[in-house]
Amino acid sequence: MNYLNKKTVEDIDVSGKKVLVRCDFNVPFDADGNIADPKRINEALKTIKYLVEQNAKVILCSHLGRPKGEFNPKFSLAPVAAYLSKALGQEVKMATDVIGESAKSIAASLKNGEVELIENVRFHNEETKNNPEFAKELASLAEIYVNDAFGTAHRAHASTEGVSHYLPAVGGYLINKEISVMGKALQEPKRPFVAILGGAKVSDKIGVIDNLIKKVDTLIIGGGMAYTFLKAQGYEIGTSICEDEKLDLARATIANAEKNGVKFLLPVDNIAGLEYKPDTQCQMVDSHHIPDGWMGLDIGPRTTEMFADAIKDAGTVVWNGPMGVSEWENFAAGTIGVAKAVAESGAISIIGGGDSAAAVEKLGFADKMTHISTGGGASLEFLEGLELPGIACLSEKE
Ligand code: AMP
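All values reported here derive from a predicted model rather than from experimental measurement. (Residues numbered from 1 in each chain as written. Predicted model: local features only at pLDDT ≥ 70, side-chain atom pairs only at ≥ 80, totals over all residues. Heavy atoms only, no water.)

K.L.:
A description of the pattern of salt bridges should follow, citing residues and the corresponding values.
P.N.:
As enumerated under the stated definition, the model contains 17 salt bridges in all. Linking Glu43 and Lys39 is a salt bridge whose minimum nitrogen-to-oxygen distance equals 3.5 Å. Of the two residues, Glu43 and Lys39 are both situated in helix H1 (residues 39-53); the distance of four residues between them amounts to about one turn of the helix. Exposure remark for Lys39: the relative accessible area of 29% places this residue in the partly exposed category. (Salt bridge = Lys/Arg side-chain N within 4 Å of Asp/Glu carboxyl O. Helix = DSSP H or I, 4+ residues; strand = E, 2+ residues; numbered from the N terminus. Buried < 20%, exposed > 50% of the residue type's maximum accessible area, 1.4 Å probe, protein only.)

K.L.:
Residue-level account of the domain arrangement of the protein, with values.
P.N.:
Its domain assignment divides the protein into domain 1 (9-174) and domain 2 (181-384). With seven residues of domain 1 at the interface, the matching set in domain 2 holds nine residues. Here domain 1 meets domain 2 over a buried area of about 680 Å², counting both sides, of which 62% is carbon and sulfur. Interface area lost by domain 1 to domain 2 is led by Lys39, Phe150 and His154, which between them contribute 71%. Counting across the domain 1 and domain 2 interface gives one salt bridge. Residue Lys39 is joined to Glu361 by a salt bridge in which the shortest nitrogen-to-oxygen separation is 3.6 Å. Joining domain 1 to domain 2, the criterion identifies zero residue pairs in polar contact (both at pLDDT 80 or more). Here the element with the most residues in the side of domain 1 that touches domain 2 is H1; it accounts for three residues. In terms of residue class, the side of domain 1 that touches domain 2 is made up of two nonpolar, two polar and three charged. (Domains from an automatic or database assignment. Contact = heavy atoms within 4.5 Å. Buried area = accessible area lost by both parts, 1.4 Å probe. Polar contact = N/O pair within 3.5 Å; in protein donor to acceptor, adjacent residues only side chain to side chain. Nonpolar A, V, L, I, M, F, W, Y, C, P; charged D, E, K, R; others polar.)

K.L.:
How would you summarise the environment of Asp244 if you had to cite specific residues and measurements?
P.N.:
With respect to the helices, strands and loops of the structure, Asp244 is situated in the loop between strand E9 (236-237) and helix H9 (247-259). Under the relative-accessibility criterion, Asp244 is labelled partly exposed at 44%. The spacing of Asp244 and Thr228 is 16 residues in sequence and 7.0 Å in space, taken between C-alpha atoms.

K.L.:
Lay out the sheet that holds strand E12 (residues 282-286) with the relevant residues and their values.
P.N.:
What links the strands of a sheet is backbone hydrogen bonding, and the strands pair in either a parallel or an antiparallel sense. Spatially, E12-E11-E14 is the arrangement adopted by the three strands of the open sheet, whose pairing is antiparallel. Two strands lie at the open edges of the sheet, namely E12 and strand E14 (295-299), each paired on one side alone. In this sheet, adjacent strand axes meet at a mean angle of 45° when their direction is disregarded. The pairing of strand E11 (residues 269-273) with E12 spans five bridges and is antiparallel. (Pairing = 2+ DSSP bridges. Axes fitted to C-alpha atoms, helices over the stretch in contact; angles between N-to-C directions.)

K.L.:
Please provide a residue-by-residue account of the sheet that holds strand E4 (residues 115-117), values included.
P.N.:
With parallel pairing, six strands are arranged side by side in an open sheet as E3-E4-E2-E1-E5-E6. Because the sheet does not close on itself, it has two edges, and the strands there are strand E3 (92-94) and strand E6 (169-171). Between one strand and the next, the sheet's axes are offset by a mean angle of 25°, whatever the strand orientation. Bridge analysis of strand E2 (residues 57-61) against E4 gives three bridges, and the strand direction is parallel. The residue bridging Leu60 from the neighbouring strand is Leu117, located in E4. Contacting E2, E3 and E4, helix H2 (residues 78-88) crosses the sheet at an angle of about 165° to E3.

This is the structure:
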């Protein structure tokens, strides 16, 4: 699928039209019920502001948490409406339902440039089931559909895909940014193209590895999943996390990398701990022989240097997954070292969502990266080369 050929909000006349915009307002809340991190709302502002400036009648929708298909005030989007009202400098009219009287009457009375937010789409079970009747009801609120929720674009739900069967469908600025940066990196990467994959499990990333191995020049493997590869090569890995049922797959992957002429880098040293605990006793160990009873919890300094060396001349870097248990200070050095190397490389740098994005942000390297994806699962599926239903459903440019 050519992601780069999708219509965007700029390719359609929205003036005076009712526009249903699917956003990702799935933000975390603190114990007092305040929005703990408004990043996702802020990411949606560009599209909303554009639509307001174009005199559209803007109807926003999103999911929040997992309310199990029924109204639950704990998962109400009302705090998001309050936040948005301040951010936009105009009232965002909060509906008390999704496709009921409140949502419909506000939508019908919107004037040009006004904004409504309907309630959490997951107050209806039909949302995640992609029920066509529910999608049709949602679509009936508007004349145009804009999807700007990259974080849920890998799900075919009523508000992410279903509505596109009833309305002209285009992408918002956020989705467009995600697909153009990641799509270009995959389709026409500036070389050398280096992929860095980490995190806990091989099984979570094998699809990404298989897809990227056909495209990259260098594949760097760190984090917990490196130990399955090390064991597959005959090394002793102590009590390090390992998927024994994936050893053959790991061997096949290494052979495949060789066949494709891809430089395949695994850790040569590690910081190992006695127990899976933040303050466990630790020591530096060689990858060839992790002593009995010890588990690799981070890459070691020689590995960090070797990885940094491979990253420094890269034209494009794609990174998904930390190099160790980076949420624990004693095992964060490898991830910090790699983040620093990516930041200093001058490469087009793309950080997959989830843990690696959180690590890069926490470590203060966010503004040094070309792109930090807003979708963990969605960016992984994108890098796997899978079709994302929330993007596939958008109209193609003529
Ligand atoms: P993922 O969601 O697949 O990117 O995995 C991220 C998780 O992998 C983080 O919670 C890390 O704590 C964990 N992780 C990274 N390296 C290791 C390791 N060496 N041993 C155990 N867990 C790890």
